[in-house]
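Tertiary structure, described
Spelled out, the chains give:
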Amino acid sequence: MSSKIENIRKQLLSDNWYVLNKYTFELKRKNGGTIEQVREVYDRGNGATILLYNRAKGTVVLTNQFRMPTYVNGNATGMLLEACAGLLDDDQPEQCARREAVEETGFQVSKVQKIFEAYMSPGGVTEILHFFIAEYQDDERQTSGGGIEDEDIEVVELPFGEAIAMIADGRIKDGKTIMLLQYLQIHRVME
């Protein structure tokens, strides 16, 4: 398949927290014509997320932390209940998922399973997120978790059924967490 875009021009808008570029390009249309489009693209790197579950106890481990973008968009407290996640940095996706599990929840899990990867906001962000699940045992807890450096993370262990109900009633609004919980539900992992 030939490229659908030509004459790409790139302008750096910000290199503060992550990189924001403005792209101007010509898009080839189905009818053979072209149209000029302008898009801003935010590059924050790729990441990994992992949901810890305990089949015998019927529980999952989530994190609760402040997320400024949700506060700006109407979340009165800015707190978000979610599966732990982080940027790959120089790690492979599984290494990142394991690292984040220990840093954020304190659990050093033995077996990790990759279930899929997805673009989370392809209209404006380059990130591909790698999704993992892992069964945890209480004796795998190495630390109390809570994150590192400037992170202030609360570790939350919930009954799986309650976590599913929290999606329906709006207490869980994080996309990656919803996807992971629904994966466990659809594939009957917790039965």
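The structure presented is a predicted model; accordingly, all values stated were derived computationally and were not measured.

Core analysis: the largest hydrophobic core is formed by 26 residues, its most contacted members being L51, V60, I172, L181 and L184. Of all elements in the fold, only β4 (47–54), β5 (59–66), β8 (113–119), β9 (128–135), β10 (154–159), α3 (160–168) and α4 (175–186) reach the threshold of two or more residues within this core. Not counting the four nearest positions on each side in its chain, V60 is found in contact with L51, L52, Y53, Y136, V156, E157, L158, F160, A163, L181 and L184. Within the second largest apolar cluster, 15 residues are counted, among which are L52, V61, L88 and A101.

Mapped onto the elements, E103 comes out in helix α2 (residues 93–105). For E103, a relative accessible area of 19% gives the class buried.

As recorded in UniProt, the sites labelled "domain: Nudix hydrolase" (unreviewed entry) are residues 43–180. Overall, residues 43–180 shows 24% helix and 33% strand. The separation of its end C-alpha atoms is 24 Å.

To continue, consider a nonpolar patch on the surface. A contiguous nonpolar surface patch, about 500 Å² in accessible area, is contributed by F66, M68, Y71, V72 and M79. With three residues, helix α1 (residues 68–72) is the single largest residue contributor to the nonpolar patch. Mapped onto the elements, M68 comes out in helix α1. Using a relative accessible area of 45% as the deciding quantity, one classes M68 as partly exposed.

With that settled, the discussion passes to the environment of A48. Note on placement: A48 falls in strand β4. Exposure remark for A48: the relative accessible area of 0% places this residue in the buried category. For the pair A48 and Q92, spaced 44 residues apart in the sequence, the C-alpha separation amounts to 9.1 Å. Filtering out sequence-adjacent residues up to four positions away, A48 remains in contact with C84, A85, G86, L88, P93, C96, A97, L129, H130 and F132.

This next bit is on the pattern of salt bridges. In this structure the tally under the stated criterion is 17 salt bridges. Across the pair E36 and R9 runs a salt bridge, and its minimum N-O distance is 3.1 Å. In this pair, E36 sits in strand β3 (residues 34–43) while R9 sits in strand β1 (residues 5–15), placing the two residues 27 residues apart along the sequence. On the basis of relative accessibility, which here comes to 51%, the residue E36 falls in the exposed class. Classification of R9 as partly exposed rests on a relative accessible area of 41%. The salt bridge partner of K176 is E82, with a shortest N-O separation of 2.6 Å. Here E82 lies in strand β6 (residues 79–82) and K176 lies in helix α4, a separation of 94 residues in the sequence. Comparing K176 with E82, the two get one shared label, buried.

Looking now at α4. An α-helical segment advances 3.6 residues per turn. Residues three or four places apart therefore align on the same side. The end-to-end C-alpha separation of α4 is 16 Å, in line with the 16 Å expected for 12 residues at 1.5 Å each. Buried within α4 are the following residues: K176, T177, I178, L180, L181, Y183 and L184. Phi for R188, located one or two positions after α4, is positive at around 55°.

Rules behind the numbers
The residue count restarts for each chain, going from 1 along the sequence in the order it is written. In keeping with the predicted nature of the model, local features appear solely for residues at pLDDT of at least 70, side-chain atom pairs appear and are counted solely at 80 or more, and the whole-chain, interface and lining totals rest on all residues. The basis for the side-chain values is all heavy atoms of the structure; hydrogens and waters are excluded. As used in this record, nonpolar core signifies buried Ala, Val, Leu, Ile, Met, Phe, Trp, Tyr and Cys residues forming a set joined through side-chain atoms within 4.5 Å. Burial status follows relative accessibility: with a 1.4 Å probe on protein chains alone, a residue under 20% of its type maximum counts as buried, one over 50% as exposed, and anything between as partly exposed. Put simply, DSSP marks the helices as runs of H or I at least four residues long and the strands as runs of E at least two long, and each gets a number from the N terminus on. Residue contacts are defined here by distance: any two heavy atoms, one from each residue, within 4.5 Å place the two residues in contact. UniProt positions are given in the numbering used here, feature names are shortened, and annotations may be inferred rather than shown by experiment. Here the term patch refers to residues with relative accessible area over 30% and no salt bridge, with like charges joined within 9 Å and nonpolar side chains (Val, Leu, Ile, Met, Phe, Trp, Tyr) within 5 Å. The accessible surface values rely on the Shrake-Rupley method and a 1.4 Å probe; as for residues, cover is taken only from the protein chains in view. Criterion for a salt bridge: a side-chain nitrogen of Lys or Arg within 4 Å of a carboxyl oxygen of Asp or Glu. A helix is expected to span 1.5 Å multiplied by its residue count minus one.

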